[in-house]
Amino acid sequence: MESDNSAGGFSYLGRNFSNLSLNDHSSAFSDCNSDRSGEFPSASSESRRLLLSCASDNSDDLIRHLVAHLDSSCCSVDEQKQAAMEIRLLSKNKPENRIKIAKAGAVKPLVSLISSPDLQLQEYGVTAILNLSLCDENKDLIASSGAIKPLVRALKMGTPTAKENAACALLRLSQVEDNKVAIGRSGAIPLLVNLLETGGFRAKKDASTALYSLCSAKENKLRAVHSGIMKPLVELMADFGSNMVDKSAFVMSLLMSVPESKPALVEEGGVPVLVEIVEAGTQRQKEIAVSILLQLCEESVVYRTMVAREGAIPPLVALTQAGTSRAKQKAEALIEFLRQPRSVATNNGGRSSSQL
């Protein structure tokens, strides 16, 4: 698998955005945590008894009991739902339970539930797998148990909650480097792009975070660009009230290392949006926007002229006077490009934008 950090120099898990100077490089992203799917249906007295017993010394027996009831060959759909729901609850907030449940053999039957035609049962299976994936020790087991393709199908066909939790589960699995390309090749990227464009606020956050992690692999960057990711990214960055400007800009900056991203960005009207961010965004947003514009312009006279005509120079000059040290460096380099649009990138002593 090729993990590409060439031009952007970004690394989500290692939090190493080499061409940005941010205090917390991943703070723009909310890491997917245990399920946030709301209240469960009222539990029966038996269910409540089982949950109470989890706090006792019999929790291992309870877990084995629940895993046994995930099996469709011996249990009804309602029994499977109840068992999957209980496993969701047991794995939601207690890391020790996540390990116990996986060791008790729950992963394979839960993966099977993700392919269930019963959408509620599928949702419970997806969310239980998400909760188990929060434990690093479980990620390889989940992936090797065949979870990736069913999770991608849930991302396409599931309930809104199942789609959101499938995106989170795929994010967690993508934190194992070998899984990034496998997830991309299973068709997840276009579905995540669609979720980014059409989902609610939580879905957009989850999709952007998953895309950011997956697109450290070069072939996934290409998939994202070919899936039309620039359109929702530009739209979200243009909406300062969306609370998605930072997340979208980070994803866009990561994609700029593939040449196909640049005409796609321009075609979707990204240049005026980026210039507006340089003028009116937060300090972090300004820095990311300048970084994107610099990568856009460093090898293209056409794009330099376009950016200059959008009125970028005055806010860039202001940034050189009041921005962070890294933002000042990038703003100065971009101003030089824009004032001498036919100069080549070697005006910076042979340094590319990723080295500034």
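This write-up is about the structure you can find in this document.

**Describing the overall build of the chain**
Reasoning step 1: A tally of helices and strands in the chain yields 21 helices and zero strands.
Reasoning step 2: Every one of the 356 residues in the chain was classed for burial, and the buried ones make up 56%.
Reasoning step 3: A separation threshold of at least 6 residues defines the contact pool for the chain, and within that pool the share at least 24 residues apart is 69%.

**What to know about the packing of aromatic side chains**
Aromatic rings considered in pairs are described by the distance between their centres and by the relative angle of their planes.
Reasoning step 1: Following the criterion strictly, the structure yields one aromatic pair and no others.
Reasoning step 2: Judged by centre distance (6.4 Å) and plane angle (80°), the rings of Y212 and F250 are edge-to-face. Of this pair, Y212 sits in helix α12 (residues 201-214) while F250 is found in helix α15 (residues 245-255), placing the two residues 38 residues apart along the sequence. Judged on exposure class, the residue Y212 and its partner F250 are both buried.

**What to know about the environment of L255**
Reasoning step 1: The topology assignment puts L255 in helix α15.
Reasoning step 2: Judged by its relative accessible area of 0%, L255 is buried.
Reasoning step 3: Considering only alpha carbons, one finds L255 and N220, 35 residues apart in sequence, at a separation of 9.4 Å.
Reasoning step 4: The residues touching L255, leaving out its near neighbours within four places in the chain, are C215, K221, A224, I229, M230, L233 and S261.

**A look at the pattern of salt bridges**
Reasoning step 1: A full pass over the atoms with the stated rule returns 13 salt bridges.
Reasoning step 2: Here D60 and K100 are joined by a salt bridge, their closest N and O atoms 3.6 Å apart. Residue D60 is found in helix α2 (residues 59-68), and its partner K100 is found in helix α4 (residues 95-103); the two are separated by 40 residues along the sequence.
Reasoning step 3: A salt bridge links D136 to K139; the nearest nitrogen and oxygen atoms lie 2.7 Å apart.

**Some remarks on the packing of helix α3 (residues 77-92) against helix α6 (residues 119-133)**
Reasoning step 1: At a minimum axis separation of 9 Å, α3 and α6 run at an interaxial angle of 25°. In terms of their interaxial angle, α3 and α6 are classed as roughly parallel. Between α3 and α6 the crossing geometry is left-handed. Of the residues in α6, those in contact with V77, Q80, K81, A84, M85, I87, R88, S91 and K92 of α3 are Q120, L121, E123, Y124, T127, A128, N131 and L132.
Reasoning step 2: In terms of residue class, the contact of α3 with α6 is built from eight nonpolar, five polar and four charged.

**Some remarks on the side chain of K286**
Reasoning step 1: Its location among the elements puts K286 in helix α18 (residues 283-297).
Reasoning step 2: Buried within the structure, K286 lacks any salt-bridge partner; its nearest side chain of opposite charge belongs to E279, at an N-O separation of 9.1 Å.

**Quick notes on the packing of α3 against α4**
Reasoning step 1: Where α3 meets α4, the axes come as close as 7 Å, and the angle between the chain directions of the two elements is 135°. With respect to their mutual orientation, α3 and α4 come out oblique. The segment α3 lies against α4, with I87, L90, S91 and K92 engaging N97, R98 and I101.
Reasoning step 2: In the contact of α3 with α4, the residues fall into three nonpolar, two polar and two charged.

Rules and cut-offs
Residue numbers run consecutively from 1 along every chain, following the written order of its sequence. Only residues with pLDDT of at least 70 are given local features in this predicted model, and only at 80 or more are side-chain atom pairs given and counted; all residues enter the totals for whole chains, interfaces and linings. Excluding hydrogens and water, the side-chain values take into account all heavy atoms of the structure. A run of H or I in DSSP counts as a helix once it spans at least four residues, and a run of E counts as a strand once it spans at least two, with each numbered from the N terminus. Each residue is placed in one exposure class: buried if its accessible area under a 1.4 Å probe, protein chains only, is under 20% of its type's maximum, exposed if it is over 50%, and partly exposed if it falls in between. Throughout, a contact is declared for two residues whenever any of their heavy atoms are within 4.5 Å. Between 30 and 60 degrees the pair is tilted, below 30 it is stacked and above 60 it is edge-to-face, where a pair is any two Phe, Tyr or Trp rings, Trp via its six-membered ring, whose centres lie within 6.5 Å. In the sections that follow, a salt bridge refers to a side-chain nitrogen of Lys or Arg positioned within 4 Å of a carboxyl oxygen of Asp or Glu. Lines fitted to the C-alpha atoms define the axes, with helices restricted to the stretch that makes contact. Angles between their N-to-C directions range from 0 to 180 degrees. Here the word oblique covers every angle except those under 35 degrees (roughly parallel), over 145 (roughly antiparallel) and from 65 to 115 (roughly perpendicular). In this scheme, a crossing is called left-handed if the near helix is turned counterclockwise away from the far one by less than a right angle; it is called right-handed if the turn is clockwise. The nonpolar class holds Ala, Val, Leu, Ile, Met, Phe, Trp, Tyr, Cys and Pro. Asp, Glu, Lys and Arg form the charged class, and all remaining residues, Gly among them, are polar. Lys and Arg are tallied as positive, Asp and Glu as negative. Neither His nor the chain termini are counted.

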